[in-house]
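Chain residues, written in single-letter form:
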Amino acid sequence: MSDIADALEALLGSEGWRLFHEHVKAEWSPAACWRKVKATDGDLTKIDYTNAQVGLLMNWPAQEVARLKRSEQTNEPTMSRRGGL
């Protein structure tokens, strides 16, 4: 497996990630979102958009590991700093 996938899997399995993930879940729980809506004069659109973006960011490490594993199995080139092969 690639160094990136190994690093991301180590991140996902770490206690620090678990603590961070729990914190984000608490900050963006339904109750916390309603507090945010009240604090922004009821602008649910911005809170909903931000909540969706936070979810995407939190899911990225696991999705990237899965993508890297799939590309290794099919021998697809992965992106490097120089771009695609």
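Residues numbered from 1 in each chain as written. Predicted model: local features only at pLDDT ≥ 70, side-chain atom pairs only at ≥ 80, totals over all residues. Heavy atoms only, no water.

Describing the overall build of the protein chain
Move 1: If you tally the helices and strands in the protein chain, you get four helices and zero strands.
Move 2: Starting at the N terminus and walking to the C terminus, you meet the elements of the protein chain as α-α-α-α.
Move 3: Here the protein chain holds 85 residues, and 19% of them are scored as buried.
Move 4: Residue pairs in contact within the protein chain that sit at least 24 positions apart in sequence constitute 56% of those at least 6 positions apart.
Move 5: Total accessible area computed for the protein chain in this model is approximately 6500 Å², and 58% of it derives from carbon and sulfur atoms. (Helix = DSSP H or I, 4+ residues; strand = E, 2+ residues; numbered from the N terminus. Buried < 20%, exposed > 50% of the residue type's maximum accessible area, 1.4 Å probe, protein only. Contact = heavy atoms within 4.5 Å. Areas by Shrake-Rupley, 256 points an atom, 1.4 Å probe, with all protein chains shown as cover.)

Quick look at the packing of helix 3 (residues 30-39) against helix 4 (residues 44-73)
Move 1: Following both chains from N to C, one finds helix 3 and helix 4 inclined at 140°, their axes separated by 9 Å at the closest point. With respect to helix 4, the axis of helix 3 lies oblique. Classified by chirality, the crossing of helix 4 by helix 3 is right-handed. Only Leu44, Ile47 and Asn51 of helix 4 make contact with helix 3, whose side of the interface consists of Cys33, Lys36 and Val37.
Move 2: Of the residues contributing to the contact of helix 3 with helix 4, the split by class is four nonpolar, one polar and one charged. (Axes fitted to C-alpha atoms, helices over the stretch in contact; angles between N-to-C directions. Parallel < 35°, antiparallel > 145°, perpendicular 65-115°, else oblique. Left-handed = near helix turned anticlockwise from the far one by under 90°. Nonpolar A, V, L, I, M, F, W, Y, C, P; charged D, E, K, R; others polar.)

What about the confidence of the model for the protein chain?
Move 1: Residues with a pLDDT of 70 or more make up 87% of the protein chain, whose mean pLDDT is 85.
Move 2: Highest mean pLDDT in the protein chain belongs to helix 1 (residues 3-12) (95); lowest belongs to helix 3 (84). (pLDDT = per-residue confidence, 0-100.)

Comments concerning the pattern of salt bridges
Move 1: As enumerated under the stated definition, the model contains five salt bridges in all.
Move 2: As a salt-bridge pair, Lys25 and Glu22 come within 3.4 Å of each other at their nearest N and O atoms. Remark: Glu22 and Lys25 occur in helix 2 (residues 15-27); sequence separation between them is three residues, near one turn of the helix. (Salt bridge = Lys/Arg side-chain N within 4 Å of Asp/Glu carboxyl O.)

Observations regarding the packing of aromatic side chains
Move 1: Applying the stated criterion to the full structure yields one aromatic pair.
Move 2: Between Trp17 and Phe20, the aromatic rings sit 5.7 Å apart at their centres with planes inclined by 50°, giving tilted as the arrangement. Note that Trp17 and Phe20 are positioned in helix 2 at a spacing of three residues, about one turn of the helix.
Move 3: Classification of Trp17 by relative accessible area gives buried; the value is 13%.
Move 4: Accessibility expressed as a relative area gives 42% for Phe20, which makes it partly exposed.
Move 5: In this arrangement the basic side chain of Lys36 is found over the ring face of Trp28, its NZ or CZ atom lying 4.8 Å from the centre. (Phe/Tyr/Trp six-rings, centres within 6.5 Å; stacked < 30°, edge-to-face > 60°. Lys NZ or Arg CZ within 6 Å of the ring centre and 35° of its normal.)

Here's the deal with the packing of helix 1 against helix 4
Move 1: Interaxial distance between helix 1 and helix 4 falls to 9 Å at its minimum, and their mutual angle equals 145°. Between helix 1 and helix 4 lies a crossing of left-handed hand. The residues of helix 4 that touch helix 1, namely those facing Ile4, Ala5, Leu8, Glu9, Leu11 and Leu12, are Trp60, Pro61, Ala62, Glu64, Val65, Leu68 and Lys69.
Move 2: A per-class count over the contact of helix 1 with helix 4 returns ten nonpolar, no polar and three charged.

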